[in-house]
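What follows is each chain in one-letter form.
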Amino acid sequence: MTRTQMITLSAGGSAALLAGAFLFQALGYPPCEMCLWQRWPHAAAILIGVLAIRISGRFLPALGALAAATTGALGIYHTGVERDWWEGPSSCTGGSSLEGLTGADLLTITGPRVVMCDQVSWELFTLSMASWNAIASFTLMIGWIIAVRLSAGSTTKGSSRTL
């Protein structure tokens, strides 16, 4: 594979994961706060991929690998929160206090629906969406690292150097 193909594959993988996240949201699985955190590095990886196809060198593919590693790490953190391995942010887990709320506040059916970060809303083979995101993201990170290696010594756009 060439550098350009690896970048296209890696950035395209982030685009596919992001599209999948939006599809799940459209199907009635609203994201929690930590799910939204995991989307930003994918968006960054897509933009990095577009730039890296046009600009030679190792810096942008390395930045793509960092973006993939970041969303993968967030996926692991989120998985740990879901499985009670460690505590998550109080803003989206069951750890928040009800102090200061009135009975009317607790009984209201209007207002935004809060999606808890420590609750698994969907899973496949006992792995949550956060877990699958981590696995896929670290796989994409490997693709970005291969693109970095293919960029070594290349000075032309879309290096023809192959794996």
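Visitor: Explain helix α1 (residues 3-26) here, please?
Guide: The periodicity of an α-helix, 3.6 residues per turn, causes residues three or four positions apart to be oriented the same way. For α1, which comprises 24 residues, the first-to-last C-alpha distance of 34 Å matches the rise-based estimate of 34 Å (1.5 Å per residue) to within 8%. Three or more residues of α1 are buried, namely Arg3, Met6, Ile7, Ser10, Ala11, Gly13, Ser14 and Leu18. Looking at the buried residues of α1, the elements they touch are α2 (33-54), α3 (59-82) and α5 (129-151). Glycine 28, located one to two residues past α1, shows a positive phi value of around 105°.

Visitor: Help me understand α2, please; the structure alone is not making it clear to me.
Guide: Between its terminal C-alpha atoms α2 stretches 34 Å, which fits the 32 Å expected from 22 residues at 1.5 Å a residue. Those residues of α2 not exposed but buried are Met34, Gln38, Arg39, Pro41, His42, Ala45, Ile48, Gly49 and Ala52. On the buried face of α2, the contacting elements are α1, α3 and α5.

Visitor: What am I meant to see in the packing of α1 against α5 here?
Guide: Describing two packed helices takes the angle between their axes plus the distance from one axis to the other. Running from N to C, α1 and α5 cross one another at 165°; their axes reach a closest spacing of 7 Å. It follows that α1 is roughly antiparallel to α5 by the angle criterion. Note that α1 runs across α5; the crossing there is left-handed. Residue-level inspection shows Arg3, Met6, Ile7, Leu9, Ser10, Ala11, Gly13, Ser14, Leu17 and Phe24 of α1 in contact with α5, the latter providing Met129, Asn133, Ala136, Ser137, Leu140, Gly143, Trp144, Ile146, Ala147, Leu150 and Ser151. Of the residues assigned to the contact of α1 with α5, the class counts are 13 nonpolar, seven polar and one charged.

Visitor: What's the story with the nonpolar core in this structure? I'm lost.
Guide: Of all hydrophobic cores here, the largest spans 14 residues; its most connected members are Ile7, Ile48 and Trp144. Taken together, the elements giving at least two residues each to this core come down to α1, α2, α3 and α5. One finds Met34, Val81, Cys92 and Val115 within the second-largest nonpolar core, a separate group that totals six residues.

Visitor: Please explain a nonpolar patch on the surface as it appears in this structure.
Guide: On the surface, Leu124, Phe125, Trp132 and Ile135 cluster together into a nonpolar patch covering about 400 Å² of accessible area. Counting through the fold element by element, phenylalanine 125 comes out in the loop between β1 (123-124) and β2 (127-128). Classification of phenylalanine 125 by relative accessible area gives exposed; the value is 64%.

Visitor: Before we go on, may I ask you to explain the packing of aromatic side chains in this structure?
Guide: To describe a pair of aromatic rings, you give the distance between the ring centres and the angle between the ring planes. If you walk through the whole model with that rule in mind, you get two aromatic pairs. Look at tryptophan 85 and tryptophan 86: their rings are 5.9 Å apart centre to centre, the planes differ by 70°, and that puts the pair in the edge-to-face class. We classify tryptophan 85 as exposed; its relative accessible area is 56%.

Visitor: Help me understand the confidence of the model for the protein chain in this model?
Guide: Atom-level detail of predicted coordinates should not be read off regions where pLDDT is low. Considering every residue of the protein chain, the mean pLDDT works out to 83; 80% of them sit at 70 or more. Within the protein chain, the element-level pLDDT minimum falls on helix α4 (residues 103-107), averaging 59, and the maximum on α3, averaging 95.

Visitor: I keep staring at unusual backbone geometry and nothing clicks. Help me out?
Guide: Peptide bonds are trans in most cases, and residues, glycine excluded, mostly fall at negative phi. In this model, aspartate 84 sits at a positive phi of 60°, which is unusual for a non-glycine residue. When you line up the elements, aspartate 84 lands in the loop between α3 and α4. Exposure remark for aspartate 84: the relative accessible area of 64% places this residue in the exposed category.

Visitor: Would you mind going over the side chain of serine 131 with me for this structure?
Guide: Relative to the helices and strands, serine 131 resides in helix α5. A residue is classified by how much of its surface remains accessible, and serine 131, at 7% relative accessible area, is buried. Of the polar contacts made by the side chain of serine 131, one reaches the side chain of threonine 79; its length is 2.9 Å.

Definitions and limits used
- Residues numbered from 1 in each chain as written.
- Predicted model: local features only at pLDDT ≥ 70, side-chain atom pairs only at ≥ 80, totals over all residues.
- Heavy atoms only, no water.
- Helix = DSSP H or I, 4+ residues; strand = E, 2+ residues; numbered from the N terminus.
- Expected span 1.5 Å × (residues − 1).
- Buried < 20%, exposed > 50% of the residue type's maximum accessible area, 1.4 Å probe, protein only.
- Contact = heavy atoms within 4.5 Å.
- Axes fitted to C-alpha atoms, helices over the stretch in contact; angles between N-to-C directions.
- Parallel < 35°, antiparallel > 145°, perpendicular 65-115°, else oblique.
- Left-handed = near helix turned anticlockwise from the far one by under 90°.
- Nonpolar A, V, L, I, M, F, W, Y, C, P; charged D, E, K, R; others polar.
- Core = buried A, V, L, I, M, F, W, Y, C linked by side-chain atoms within 4.5 Å.
- Patch = residues over 30% accessible without salt bridge, like charges linked within 9 Å, V, L, I, M, F, W, Y side chains within 5 Å.
- Areas by Shrake-Rupley, 256 points an atom, 1.4 Å probe, with all protein chains shown as cover.
- Salt bridge = Lys/Arg side-chain N within 4 Å of Asp/Glu carboxyl O.
- Phe/Tyr/Trp six-rings, centres within 6.5 Å; stacked < 30°, edge-to-face > 60°.
- pLDDT = per-residue confidence, 0-100.
- Polar contact = N/O pair within 3.5 Å; in protein donor to acceptor, adjacent residues only side chain to side chain.

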